[in-house]
Structures are given as structure tokens and as C-alpha cells.
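Listed here are the chains, written in short residue letters.
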Amino acid sequence: MGFGGNNRGDSRGGRDGGRERAPDPDGLRESRVITINRVAKVVKGGRRFSFTALVVIGDGNGRVGLGYGKAKEVPLAIQKGTEEARRSLFTVPMAGGTVIHEVLGRTGGGRVMIKPASAGTGVIAGGAARIILEEAGVHDVLCKSLGSANHINVARATVDGLKQLQRPDDVAARRGLHMDEFVPKGLLDAYNESNKKPGARDEKATDGGTTDAAAESDKAPAETGAK
């Protein structure tokens, strides 16, 4: 038995009388439940029931985490899943509102393909992948599940794909290239704007210009002294 959507009120274990929650010090949103399963264990006296909760939490600005909690009650399972999700937070490299490059995430039988999309496309994904991408702050993306439809496999494969994303400047430094040599211009501009960093080639040109100007200024007094 599975349920999707927000866990409004459930993760806190009761009614709060309409009171507003205090803002999270880490800037994280309220956790969202991907699915809840009831698990039965057969023992000598009958069956014992427990619950598992798959929970995702993020700040909507590049950070997201996935957690899996088990308990004999639903609220406690959600709470444990939220705590694990907080411990597993990681940062997703972004190019504006989309991912920086195409990637295929794999976990068990799950296969999830994630591709960048132009602005205005929206989150073309469903189920667990959609919730994770939304909590990570991805606004435009193309996502397709190619393997198992199990919520846990899809969620973990999506997280695996997001963790595989690499920043263009790190790849450029490792390969000895400029970012604009292997990153499409639109994605590179969006990445530079979201990270507020100038392009690699612009940096080199600026450094080169400064070096040449400094060399000329150093050279001028020397020539004057010689005369």
C-alpha cells in the first residue's frame, strides 16, 4: 500500500492547532513522503505489522536528501526517514533551473534517465523522481524511468543520477580544456549565471590582459632609466 504527497502534520505526530512552524535553521523545506508501506511479519502468535516510509527533504535551491524509516507507527517511521534524509543531504550542480548534463542513474533494477531541458519545459517526470527533483529545486528537466517501477528503486536511482552530475569547471580542470569547448553555450551561460562565475575563457583573457599591462608598466620605467 503506497501513498504519495506531503506529510503535512503527520511527521510531527499530531495536530498543531493551525500554528505556523518555526523556519528551519538550515533553510530546508518540510519533508515530503514518497510512499508508505505496511510490512507484515508472521510469528508464532500471528502477524506483526510495521510501517516503512520513504521520505525526501530539500531546500529547493540545489540541496536534497533521501531517507528510509521503519517503525511500528506511521508518524515515527516518517520521523526516522526525515532524520536519515537530513543526514544524507547533498548538493546538485545546476545550470539555472535545470541539470548541467544528461545522466543515467542506476540502483538495483531501477534505471532513471535525467536530461536538461530549456526554460519553461517544467518537470517532465512522475512519481518518486518528480518529488525528488522538485525538492532539489530543478524546474526544467526531462526524466524517464527505464527499469523497475518500484518507488524505492526509482527514488534511489534518481538520487544516484543526481550524485553523478559533475560541475563543468571541475571537468575542465581535469581535462585541461575550456568549459565552452564541451558545454553547450546555453547551459554554460545558465551555469555561470547561477554560480556567478565568469567563463573560463573570459578569466584567461582578463588575466592575460592584466599580465600584459603589468609587464608593459614594468618595462616602461626600465626603458626610461636606460635612456
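Residues numbered from 1 in each chain as written. Predicted model: local features only at pLDDT ≥ 70, side-chain atom pairs only at ≥ 80, totals over all residues. Heavy atoms only, no water.

Caption draft 1: Up close: the overall build of the protein. The secondary structure content of the protein amounts to 6 helices and 11 strands. For the protein, the proportion of its 227 residues judged to be buried stands at 36%. A separation threshold of at least 6 residues defines the contact pool for the protein, and within that pool the share at least 24 residues apart is 58%. Accessible surface for the protein amounts to roughly 13,200 Å². Of this, 50% is attributable to carbon and sulfur atoms. (Helix = DSSP H or I, 4+ residues; strand = E, 2+ residues; numbered from the N terminus. Buried < 20%, exposed > 50% of the residue type's maximum accessible area, 1.4 Å probe, protein only. Contact = heavy atoms within 4.5 Å. Areas by Shrake-Rupley, 256 points an atom, 1.4 Å probe, with all protein chains shown as cover.)

Caption draft 2: Structural detail: the layout of surface pockets. In this model, the largest pocket occupies a volume close to 220 Å³. Looking at the largest pocket, it is lined by 14 residues, and the ones nearest its centre are N61, G62, V92, M94 and S194. Here the residues of the lining of the largest pocket are counted per class, giving 3 nonpolar, 9 polar and 2 charged. (1 Å grid on protein atoms, 1.4 Å probe; cavity = no way out; pocket = protein on both sides within 12 Å on 5 of 7 lines; lining within 4 Å. Points joined across faces, edges and corners; volume = space filled by probe spheres on them. Nonpolar A, V, L, I, M, F, W, Y, C, P; charged D, E, K, R; others polar.)

Caption draft 3: Representation of the pattern of salt bridges within the structure. Per the counting criterion, the structure on display carries 6 salt bridges. We note a salt bridge from R29 to E135, for which the minimum N-O separation is 3.8 Å. Linking R29 in the loop between strand 1 (5-6) and strand 2 (32-43) with E135 in helix 2 (residues 127-136), this pair joins segments that are 106 residues apart in sequence. Put simply, R32 and E134 hold a salt bridge, and the shortest N to O gap is 3.0 Å. (Salt bridge = Lys/Arg side-chain N within 4 Å of Asp/Glu carboxyl O.)

Caption draft 4: Structural view of helix 5 (residues 185-195). Within the sequence span of helix 5, burial applies to L187, L188, Y191 and N192. Taken around the axis of helix 5, the buried residues stretch over an arc of 130 degrees, which confines them to a single face. Along helix 5, exposed side chains directed more than 90 degrees from the buried face belong to K185, G186 and E193. The inward-facing, buried residues of helix 5 abut strand 6 (94-95), strand 7 (98-99), strand 9 (110-116) and helix 4 (168-175). (Arc of directions from axis to C-beta.)

Caption draft 5: The sheet that holds strand 11 (residues 141-145), seen in detail. Pairing is mixed across the open sheet formed by 4 strands, whose spatial order is 8-9-11-10. Looking along the sheet, the strands with just one partner apiece sit at the ends: strand 8 (103-107) and strand 10 (123-124). Alignment of strand 8 against strand 9, held across 5 bridges, turns out to be antiparallel. When the sheet's bridge partners are listed, T107 is paired in strand 9 with G110. Against the sheet, helix 3 (residues 151-164) makes contact with strand 8, strand 9 and strand 11, and its axis sits at roughly 135 degrees relative to strand 8, the strand it touches most. (Pairing = 2+ DSSP bridges. Axes fitted to C-alpha atoms, helices over the stretch in contact; angles between N-to-C directions.)

Caption draft 6: Highlighting the pairing of strand 11. Pairing of strand 9 with strand 11 involves 5 bridges; the strand directions are antiparallel. Each residue of the ladder has a partner; that of V112, found in strand 11, is S145. Pairing analysis gives 2 bridges linking strand 10 to strand 11, with the strands arranged parallel. By the bridge assignment for strand 11, V123 is matched with V141. The handedness of the strand 10 to strand 11 crossover, carried by helix 2, is left-handed. (Right-handed = clockwise from strand over helix to strand, strands pointing away.)

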